[in-house]
Amino acid sequence: MFDTKIRVAAACAALALAGTYATAADVDYTKMTPQELAEYLIFEAKGYKFDAQVQTEGATAKDRLVQDELQKVCTETRNKPSPEQAAKISAAARESIKYPEGDIKLGDWKKGRELAWSGFGYRLDPNFDDHKKSAPGANCYNCHEFAGDRQGGTIGPSLRNYGKLRGTEQPVLKLAYGIIYNAHSMFPCTRMPRQGAKGLLTEAQILDVMAYLFDPESPVNKE
Amino acid sequence: MLRKLLVAVPLAAAMAGPASAGPSDDPAAVLQALIDSTSSYYLTQSEQNLMMMPDNPALWSLEEGEALFKTPRGPKNVSLEGCDFGKGPGVLEGAYVELPRYFKDTGKVMDLGNRLIHCMKTLQGFPADDPAVKEIHGSKSDHMKLQTYIAAQSNGMPWNPPMDHPLEKAMRDAGEVVFYRRSGPFDFNCAACHGEPGKRVRASVLPYAQDPKEWTKAISWPAFRVGQDNTRSSQHRLRECIWQMRYPPIVAGSDLSIALLSYWTELARGQPAIIPDMKR
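The text that follows walks through the structure, step by step, so that each part is easy to find. (Residues numbered from 1 in each chain as written. Chains lettered and ligands numbered in written order. Predicted model: local features only at pLDDT ≥ 70, side-chain atom pairs only at ≥ 80, totals over all residues. Heavy atoms only, no water.)

### Section: empty space enclosed by the protein
Then comes step 1: Inspection of every chain in the model, using the stated rule, returns 2 cavities of 30 Å³ or more.
Then comes step 2: Within this model, the largest cavity holds a volume of roughly 60 Å³. (1 Å grid on protein atoms, 1.4 Å probe; cavity = no way out; pocket = protein on both sides within 12 Å on 5 of 7 lines; lining within 4 Å. Points joined across faces, edges and corners; volume = space filled by probe spheres on them.)

This is how it looks when you write it as structure tokens:
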């Protein structure tokens, strides 16, 4: 993977030196590996609009396509890391988690419910999510079912009665906080987004979402 | 109207096709045969869809597309009947189920949209910035009308993208890599939502990419999107999923988009196209 990048980059540099614009016609796709060609189509052949506006100050649209180490390993293994890779991933993920100081105190389940049910945020053109108008949500309901009042997705397991089934002891809360912060700590190469580690949710927001899961008054535990 | 336009189905395809390919003059019959052959959640939720298909508004796109196709247009005042979609100039029957494919005259692997643009420019003489060439989305665009007409001439035929040219294979294989490539703020790839059977995002049942019978319905575009009140293309569906993934917008017609379409067509190989289809 690493030397793939270098080779493609070298090819592009050569083209640039020759004064040629690196369009599709200038390079022989059949001489590349599928991985090389995929990287080329994304980064050199202008497959995505890299000048698109993004929500995060100082970041670019292109940054979103650059893979970090975890994304690379999970891509290469199609989400089935070897035991060694899995151990490395979960260790790094545990390392990434910033726990609240002191005991974990549940937030406001009503706010948490709103967050869990909101799919707003981080989408780009052609229908840009303006975070100045409305704060991004947490997207949980796309993949999880929480309660009987609204149909959630099934990509992840059902979270109905989550708190009722597990109680609210500190170790239980700490585990759940870790999963929401960076689920790879428990499930290496999971499809669940890294809500805390990627800065998608603040500590306070995670505690609100957790209240939705654990508060005895939350509809999640009222069935 | 529908019958007249769609009647032309080669016997060969009907006989050589998979068991699920039923009478092929009517997209609803093709879908019904698929449903009858599987217990797939994604397909069997289509009851309502089926009931609406005789009045599919995409049939208007189809009809308008036929007229546009046959009318001499552009600075050179010729029709598109001389356009080669891969099976020879003017041959539309079965052309769409064999796209994307490699075209010698451009040296590129092209999908239907790119091929249409090519013929509008070279054959009809339209400049690149003419609305006929440039506007590719929406029932009102020439593109959607023409694409619906052309693609419908493959209704009921099995997807069969050619893999004879090395570029066709290269694009398909790169498309597979992109399909599984995780990135973006949510770490998504296409398989995050289409990598397991019988899953839902909220209330939407997701097609599973590795089940060709589900996947043929998923990739059967143009289709009328009821929720959007418009006839839509493959490129439009791709754009929507990419948007949900929090990626930058994909460039329609880019080689990246063609690679993804090459792989997604491969995944439905052998199963009959349903065109025009209807979707939520």
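### With respect to the side chain of Glu 145 of chain A
Then comes step 1: Within the element layout of this structure, Glu 145 of chain A appears in the loop between α6 (140-143) and α7 (162-166).
Then comes step 2: A relative accessible area of 18% means that Glu 145 of chain A is categorised as buried.
Then comes step 3: Discounting chain neighbours no more than four positions away, the residues touching Glu 145 of chain A are Gly 152, Gly 153, Ser 158, Leu 159 and Arg 160 of chain A together with Arg 200 of chain B. (Helix = DSSP H or I, 4+ residues; strand = E, 2+ residues; numbered from the N terminus. Buried < 20%, exposed > 50% of the residue type's maximum accessible area, 1.4 Å probe, protein only. Contact = heavy atoms within 4.5 Å.)

### Remarks on helix α3 (residues 27-36) of chain B
All names here are of chain B.
Then comes step 1: Within α3, 7 of the 10 residues are buried, which leaves the element mostly enclosed by the surrounding structure.
Then comes step 2: Along α3, the residues that are buried comprise Pro 27, Ala 28, Val 30, Leu 31, Ala 33, Leu 34 and Ile 35.
Then comes step 3: Its side-chain oxygen placed 3.0 Å from the backbone nitrogen of Ala 28, Asp 26 serves as the N-cap of α3. (Polar contact = N/O pair within 3.5 Å; in protein donor to acceptor, adjacent residues only side chain to side chain.)

### Considerations on the layout of surface pockets
All names here are of chain B.
Then comes step 1: Space inside the second largest pocket adds up to approximately 770 Å³.
Then comes step 2: Those elements that provide at least two residues to the lining of the second largest pocket are β2 (108-110), α7 (112-122), α8 (131-134), α9 (142-152), α13 (234-244) and α14 (255-266).
Then comes step 3: In terms of residue count, α7 provides more of the lining of the second largest pocket than any other element does, 6 residues in total.
Then comes step 4: For the lining of the second largest pocket, the residue count by class is 22 nonpolar, 14 polar and 7 charged. (Nonpolar A, V, L, I, M, F, W, Y, C, P; charged D, E, K, R; others polar.)

### Re the pattern of salt bridges
Residues and elements named next belong to chain B.
Then comes step 1: Inspection of every chain in the model, using the stated rule, returns 25 salt bridges over all chains.
Then comes step 2: Here Lys 70 makes a salt bridge to Glu 66, at a shortest N to O gap of 2.5 Å. Here Glu 66 and Lys 70 lie together in helix α6 (residues 58-70), a separation of 4 residues that amounts to about one turn.
Then comes step 3: We note a salt bridge from Glu 240 to Arg 225, for which the minimum N-O separation is 2.7 Å. On the criterion of sequence distance, the pair formed by Glu 240 in helix α13 and Arg 225 in strand β5 (residues 223-225) is long-range, its members being 15 residues apart.
Then comes step 4: A residue is classified by how much of its surface remains accessible, and Arg 225, at 11% relative accessible area, is buried.
Then comes step 5: One network of salt bridges, with partners in common, ties together Arg 172, Asp 173, Glu 266 and Arg 269. (Salt bridge = Lys/Arg side-chain N within 4 Å of Asp/Glu carboxyl O.)

### Some thoughts on the state of the cysteines
Then comes step 1: A full pass over the atoms with the stated rule returns 2 disulfides over all chains.
Then comes step 2: Here Cys 74 of chain A pairs with Cys 189 of chain A through a disulfide, and the sulfurs are 2.1 Å apart. Disulfide Cys 74 of chain A-Cys 189 of chain A: torsion about the S-S bond near -90°, hence left-handed. Remark: Cys 189 of chain A occurs in the loop between α8 (170-181) and α9 (203-214) and Cys 74 of chain A occurs in helix α3 (residues 69-76); sequence separation between them is 115 residues.
Then comes step 3: Disulfide pairing places Cys 83 of chain B opposite Cys 119 of chain B at an S-S distance of 2.0 Å. An S-S torsion of about 75° defines the bridge between Cys 83 of chain B and Cys 119 of chain B as right-handed. Taken together, the residues span a long stretch of sequence, with Cys 83 of chain B in the loop between α6 and β1 (101-103) and Cys 119 of chain B in helix α7 at a distance of 36 residues. (Disulfide = S-S within 2.5 Å.)

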